[in-house]
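Spelled out, the chains give:
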Amino acid sequence: MNKLLILFSIIASSAMANSTLPALATKQATNNLRFISSDGNFTYYQNRDGSLLLSTNYKVEEIIKGEPGTQYEVIGTRSRKKLIVTQQASFHKFLGVRQLKAIFKLDFGGKDTQKIAMGKNPQLHLDDNWVSFYQPITKVIQFLNLRSSALSFEIKISNPFNPYFVPYVVMPNNNTVIYTDLNKSGHSGVVYYDKITKKNSVLYKGSNPATKHELCFSGENLFFGEFGVNELYSGSIISKLKAKALDFSKREILYESRLNDIGNIHCEGSLMFVKNLFTERKKLAYEVVELNILDKKIKTISDINFASHIIDMDGVLLMPHLGKYYVLKGKGDFTKNDRLKKREVKP
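Residues numbered from 1 in each chain as written. Predicted model: local features only at pLDDT ≥ 70, side-chain atom pairs only at ≥ 80, totals over all residues. Heavy atoms only, no water.

**Q** Looking at this structure, how should I read the overall build of the chain?
**A** Summing up its helical and strand segments, the chain has 2 helices and 28 strands in all. The C-alpha radius of gyration of the chain comes to 21 Å, within 12% of the 20 Å expected for a compact globule of 347 residues. The C-alpha extent of the chain, read off along each of the three principal axes, is 55 × 55 × 45 Å. Relative to its full complement of 347 residues, the chain shows a buried share of 48%. Counting contacts in the chain only where the partners sit at least 6 residues apart, residues at least 24 apart contribute 38% of the total. Just so you have it, the chain exposes about 18200 Å², and 52% of that area is on carbon and sulfur atoms. A gap of 2 Å separates the mean positions of the 48 positive and 32 negative side-chain charges of the chain. (Helix = DSSP H or I, 4+ residues; strand = E, 2+ residues; numbered from the N terminus. Rg over C-alpha atoms; globule rule 2.2 N^0.38 Å. Buried < 20%, exposed > 50% of the residue type's maximum accessible area, 1.4 Å probe, protein only. Contact = heavy atoms within 4.5 Å. Areas by Shrake-Rupley, 256 points an atom, 1.4 Å probe, with all protein chains shown as cover. Lys, Arg positive; Asp, Glu negative; His and termini not counted. Charge placed at Lys NZ, Arg CZ, Asp CG, Glu CD.)

Encoded structure:
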């Protein structure tokens, strides 16, 4: 009954929330939008027929064709060299969270796509030269080099019992991977993998199975989040390590709370996450906050009472809520691009 009351209060507070943040405004309907460049020069969007289209310089081209009901996701990084597209057929019919998606690659702003794999949770790494993705049935993380397939490799995770677990993965360099895993007791941990020796070692093991671990890599720093997920463990910690000296016993604590935050750390440009604000507001509330890694001060960015996560769309940081996308940082109005300038493509 208590859990039902909490759920009801979340839904009720969310429904009444009116944010003062600007909402993303585009010429394309935002429910169909999948990616728009920060300069507004090109847009990827899907239509009801199940196709993914590219709009640029007043020209629209179909780049992937699918069946009606197909859903797409377009993923990029600040490197702006490659994009990854996922295609999920039977989106409204198959409700399993472990369904594999078709994964495509293409140049940033390009139209020529190439299917590279089936998997989920794809990520670009190292100046868009690598892509990783997870295959939950075989419990394997695949790493594909987008320049040379001969360099590709895979890592088999342990996770003996949780079929819904998806590892966090970061790649500090071409020969090193850091990822999260579960042991036979259900404890989450952080594992280091050496591509040269093909050996892994445990860097950190959680003390309680009711916690989740998150990893976020930016520049030379690895940010590590540990968050309680239910009443069996209460508390949240975010810390920083140098990627070249991964000693978790010497990590710098940036933030600590006795409450269970949602987390979902974003560390590109600035460090943001979703924080539990029950102490401040005396009611159930979650908001996106920005953590200053120098003075460790917290600044609340959103104001909707129930934020969930952050979307980075070519440097524009967005927060989805009740069918809208609110702009946390960056340009939010893409309706006034009357003339599209020629985009410079990085070599």
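So that's the structure; there's more coming.
**Q** Help me out: how do you make sense of the side chain of Ser-239 in this one?
**A** Mapping Ser-239 onto the fold places it in strand β19 (residues 236–242). In this structure Ser-239 touches Leu-222, Phe-223, Phe-224, Arg-251, Glu-252, Ile-253 and Leu-254, once residues within four positions along its chain are discounted.

**Q** I keep staring at the sheet that holds strand β26 (residues 316–321) and nothing clicks. Help me out?
**A** Strand pairing in a sheet is mediated by backbone hydrogen bonds. Such pairs are either parallel or antiparallel. As summarised here, the arrangement of the 3 strands in space is β25-β26-β27, forming an open sheet in which the pairing is antiparallel. Strands with a single pairing partner mark the edges of an open sheet, and in this sheet they are β25 (311–313) and β27 (324–329). On average, each strand axis in the sheet is inclined to that of its neighbour by 40 degrees, with strand direction left out of account. Strand direction decides the pairing type here: β25 and β26, joined by 3 bridges, are antiparallel. Bridge assignment links Met-313 to a residue of β26, and that residue is Val-316. (Pairing = 2+ DSSP bridges. Axes fitted to C-alpha atoms, helices over the stretch in contact; angles between N-to-C directions.)

**Q** What should I look at first to understand unusual backbone geometry in this one?
**A** Note on backbone geometry: most residues besides glycine have negative phi, and most peptide bonds are trans. One non-glycine residue, Asn-121, lies in positive phi territory at about 55 degrees. Residue placement: Asn-121 occurs in strand β9 (residues 114–125). Judged by its relative accessible area of 35%, Asn-121 falls in the partly exposed class. In this structure, Asn-159 is a non-glycine residue whose phi angle is positive, near 30 degrees.

**Q** Explain the confidence of the model for the chain to me, please; I cannot follow it from the model alone.
**A** Detailed reading of the predicted coordinates is not advisable wherever pLDDT is low. Averaged over every residue, the pLDDT of the chain is 90; residues scoring 70 or more account for 92%. Throughout residues 338–345 the model reports pLDDT below 50, and contacts reaching past four residues in sequence, or to other chains, amount to 15 contacts. (pLDDT = per-residue confidence, 0-100.)

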